[in-house]
Amino acid sequence: MAAWQSILEEARETVGFTGHVVPRNLDGIRHALLPERLVDLDRELATLTEGSAFEVFLDHWWTQALADSAVGREDKERAIEFADLAIALRVKQSGATGYTQDEVEAMLGDLAS
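So, here's what we can say about the structure. (Residues numbered from 1 in each chain as written. Predicted model: local features only at pLDDT ≥ 70, side-chain atom pairs only at ≥ 80, totals over all residues. Heavy atoms only, no water.)

1. Concerning the side chain of Thr 63
If you trace the backbone, Thr 63 turns up in helix 4 (residues 51-69). Setting aside residues no more than four positions away along its own chain, Thr 63 makes contact with Ile 80, Ala 83, Asp 84 and Ile 87. (Helix = DSSP H or I, 4+ residues; strand = E, 2+ residues; numbered from the N terminus. Contact = heavy atoms within 4.5 Å.)

The following block contains the structure:
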């Protein structure tokens, strides 16, 4: 947990994000999303079968929850930059190779279908 907090602080300082950091768990994400997004979240969640897919799912919906909880266009953009950097730092620290944006979108497309 301390490593994740360090990652969040580094990302916050780098992009100047000052908004609320949504917890990166289902409860935190669910509470921060706009209500009309919950059906899509539940649909994707019901299709998950492996750990790496769940991490991609969390990253995607955590980013969306941060954007949904931000006020104004500039704050939303900064929230997305913050989330992208925090996710990249987490992946780098874990030693995983990470996924390209196209790979993430393909995984999410597979989960939704």
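2. So, the nonpolar core
Judged by nonpolar contacts, the single largest core of 27 residues is most densely connected at Ile 29, Trp 62, Leu 66, Phe 82 and Ala 86. Mapped by element, the contributors of at least two residues to this core are helix 1 (2-15), helix 2 (26-32), helix 4 and helix 5 (73-94). Apart from the residues lying within four places of it in its own chain, the contact partners of Phe 82 are Leu 8, Ala 11, Arg 12, Val 15, Phe 17, Val 21, Trp 62 and Leu 66. (Core = buried A, V, L, I, M, F, W, Y, C linked by side-chain atoms within 4.5 Å. Buried < 20%, exposed > 50% of the residue type's maximum accessible area, 1.4 Å probe, protein only.)

3. Section: the packing of helix 3 (residues 38-46) against helix 4
Where helix 3 meets helix 4, the axes come as close as 11 Å, and the angle between the chain directions of the two elements is 170 degrees. In terms of their interaxial angle, helix 3 and helix 4 are classed as roughly antiparallel. Contacts between helix 3 and helix 4 involve Asp 40, Leu 41, Glu 44 and Leu 45 on the former and, on the latter, Phe 54, Phe 57, His 60 and Trp 61. A per-class count over the contact of helix 3 with helix 4 returns five nonpolar, one polar and two charged. (Axes fitted to C-alpha atoms, helices over the stretch in contact; angles between N-to-C directions. Parallel < 35°, antiparallel > 145°, perpendicular 65-115°, else oblique. Nonpolar A, V, L, I, M, F, W, Y, C, P; charged D, E, K, R; others polar.)

4. Let's talk about helix 1
Taking 1.5 Å of rise per residue, 14 residues should cover 20 Å, and helix 1 covers 20 Å from first to last C-alpha, within 8% of that figure. Along its buried surface, helix 1 packs onto helix 4 and helix 5. Following helix 1 by one or two positions, Gly 16 adopts a phi angle in the positive range, close to 75 degrees. (Expected span 1.5 Å × (residues − 1).)

5. Brief notes about helix 4
Because an α-helix completes one turn every 3.6 residues, residues spaced three or four positions apart along the sequence face the same direction. The terminal C-alpha atoms of helix 4 lie 26 Å apart, and with 19 residues this matches the ideal 27 Å at 1.5 Å per residue to within 8%. All buried positions along helix 4 are accounted for by Ala 53, Val 56, Phe 57, Leu 58, Asp 59, Trp 61, Trp 62, Thr 63, Ala 65, Leu 66, Ala 67 and Asp 68.

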